[in-house]
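# An overview of the molecular structure
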Amino acid sequence: MGQKATERIFEIEAEATVEVEAGENVAGLEELRVKWLGRKSELTGILRGIAGLEPAERGLVGGSANKVREKLEATLEARIAELSAAELETSLSTDSIDVTLPGSPVRAVGHLHPITRTRRLIEDVMIGLGYQVMEGPEVEHDFYNFTALNHPDDHPARMLQDTFYVEPGGGAPAEVGKQDVLLRTHTSPMQVRAMEAAPPPLFMIVPGKTYRRDSDATHSPMFHQVEGLAVAEGITLADLKGTLLAMLREIFGPDREIRMRPHFFPFTEPSVEFDVSCFKCGGTGQLGKGDRCNLCKGIGWIELGGAGMVDPNVFGFVRDAGYDPDSVTGFAFGFGIERIAMLRHGVGDLRLFFDNDVRLLEQFS
Ligand code: FA5
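Residue numbering note: each chain is counted from 1, following its sequence as written. Where totals are concerned, whole chains, interfaces and linings use all residues; where local detail is concerned, this predicted model gives features only for residues with pLDDT of at least 70, and gives and counts side-chain atom pairs only at 80 or more. As a rule here, side-chain values come from all non-hydrogen atoms in the structure, and water together with hydrogens is ignored.

## Structural notes on the overall build of the chain
Each helix is a run of DSSP H or I of at least 4 residues and each strand a run of E of at least 2, with the numbering of both proceeding from the N terminus. Each helix and strand counted, the chain has 12 helices and 11 strands in total. Principal-axis analysis of the C-alpha atoms places the extent of the chain at approximately 115 × 55 × 35 Å. For the exposure calls, accessible area comes from a 1.4 Å probe over protein chains only, and a residue counts as buried if that area is under 20% of its type's maximum, exposed if over 50%, partly exposed in between. Counting the 365 residues in the chain, one finds 40% classified as buried. The contacts of the chain with a sequence gap of at least 6 include a subset with a gap of at least 24, amounting to 66%. Only the protein chains shown count as cover for residues, with accessible areas throughout obtained via the Shrake-Rupley method and a probe of 1.4 Å. Summing over all exposed atoms, the chain offers an accessible surface of approximately 19900 Å²; the carbon and sulfur share of this is 54%. Positive charges are assigned to Lys and Arg, negative charges to Asp and Glu, while His and the chain termini are left out of the count. Charged side chains are reduced to one point each, which is NZ for Lys, CZ for Arg, CG for Asp and CD for Glu. Of the side chains in the chain, 37 bear a positive and 55 a negative charge, and the two mean positions are spaced by 7 Å. Should any heavy atoms of two residues lie within 4.5 Å, those residues are counted as being in contact.

This is how it looks when you write it as structure tokens:
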């Protein structure tokens, strides 16, 4: 009885091995696994029947059956691995998906964010006027953001409630005045960086992100500014006015006028704020039948930004780079990109630009 079982075990091994080695696909081999090693297979039956054998025969039959089971399992695994690799190779070389085909249903192609479009419009206009576009760090040193721009130590913009300071090593913010690194509060620090990098004449703009502790319908903690700087021999306030006029006419229409009002910035002298004539009421402050213009609030002018002639003290920080205040003069200006975008698109709350609600963004396609 035991002798017969052992012979049959080796026959099973031979028959199963022939079939497994001839197997042509993974699915077929899984069927062979069930046939030769499954719960209802002959080999499993023999193992189950061991208890009914003579005690002396049990060891030999059980040992042989287990050895054959192990060998068959190994042969199956080897053949499956071989076939899987071949099947993968075939599917990789024959199946192809064209990832460039449109989805189903076809989705509309996206478009640039209105702030990006406005920034690019401003860049195009200024490149047309001969300016180069530069970028600068958003995480800035106190020196460039304040000191080199003539801000005294007790200037309110340096206070914690106006400025986001950064602790380079993490940890709690240090005492005000002891901090050296911050999120730039304006794009003006690039004035000094640009002058350090290249001698005059210099004509450049810097669009970019800026950060302040502000939050209301017209102020957000992160916003975008464009800085402009022109330095050469004989630059005057009239050049500033002509440049702003040319730029704003490209953005708001050829009939626009500008005006400059006295103001104060630590790094320009004299300093101004500049306004553009209202493009909704044509600068009259009135709409149609004498109603007050709701865009300029009846004033006829819309405030846009700050500007002025570069203060000689600022040139003092870059004298070694070729900016001698006795031989060059320059103007600088800065304004918010959101403000321009709000005006161009009639958006009443600046924060809507950053909510990323597609119902709003789709209106600018
Ligand atoms: C400045 O930032 C100066 N650096 C501008 C300048 C440059 C003056 C060169 C002279 C020479 P001001 O703080 O006024 O100035 O900001 C300029 C513009 O940035 C504002 O008119 C406004 O349009 C925009 N702005 C300021 N704060 C915010 C804010 N929190 N959110 C959105 N826009 C802002």
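## Regarding helix 5 (residues 114-128)
Counting along an α-helix, one turn takes 3.6 residues, and residues three or four places apart therefore face a common direction. To estimate how far a helix should extend, the number of its residues minus one is multiplied by 1.5 Å. With 15 residues, helix 5 should cover 21 Å at 1.5 Å per step; its first-to-last C-alpha distance of 21 Å lies within 8% of that length. For helix 5, every residue scored as buried is listed here: Pro114, Ile115, Thr118, Ile122, Glu123, Val125 and Met126. Positioned one or two residues after helix 5, glycine 130 has a phi angle of 95°, which is positive.

## Some points on the site of the ligand
In this text, near means that some heavy atom of the residue lies within 4 Å of the molecule or strand in question. Close to the ligand lie 24 residues; His186, Ser188, Arg212, Asp214 and Gln225 are nearest. Each polar contact in these results corresponds to two N or O atoms within 3.5 Å; when the atoms are within protein, one needs to be able to donate a hydrogen and the other to accept it, and residues that are neighboring in sequence are counted only if both atoms are side-chain atoms. The contact in question runs from an oxygen atom of the ligand to an N or O atom on the side chain of arginine 212, over 2.9 Å. At a separation of 3.4 Å, an oxygen atom of the ligand approaches a polar backbone atom of leucine 304. Out of a free accessible area of 670 Å², the ligand has 89% covered by protein chains. Elements that contribute at least two residues to the shell around the ligand include exactly strand 5 (222-232), strand 10 (301-310) and strand 11 (329-336). Considered class by class, the residues forming the shell around the ligand number eight nonpolar, 12 polar and four charged. Any residue outside Ala, Val, Leu, Ile, Met, Phe, Trp, Tyr, Cys, Pro, Asp, Glu, Lys and Arg is labelled polar, Gly included; the first ten of those are nonpolar and the last four are charged.

## Details of the sheet that holds strand 11
In this scheme, strands are said to pair when DSSP sees at least two bridges between them. The seven strands lie next to each other as 1-4-5-11-10-7-6, forming an open sheet whose pairing is mixed. Of all strands in the sheet, those with a lone pairing partner are strand 1 (132-133) and strand 6 (258-265), marking the two edges. Between the N-to-C directions of two axes lies an angle of 0 to 180 degrees, each axis being a line fitted to C-alpha atoms and, for a helix, fitted only over the stretch in contact. In this fold helix 5 packs onto strand 1, strand 4 (202-211), strand 5 and strand 11, with an angle of close to 170° to the strand it touches most, strand 4.

## What about the pattern of salt bridges?
By definition here, a salt bridge exists when the distance from a side-chain nitrogen of Lys or Arg to a carboxyl oxygen of Asp or Glu is within 4 Å. Evaluated as defined, the whole model comprises 20 salt bridges. Measuring nitrogen to oxygen at the nearest pair gives 3.2 Å for the salt bridge that ties arginine 8 to glutamate 15. Classification of glutamate 15 as partly exposed rests on a relative accessible area of 37%. The salt bridge involving glutamate 123 is made with arginine 119; its shortest N-O contact spans 2.8 Å. Of this pair, glutamate 123 and arginine 119 both sit in helix 5, four residues apart, which is roughly one turn of that helix. For arginine 119, a relative accessible area of 26% translates into the label partly exposed.

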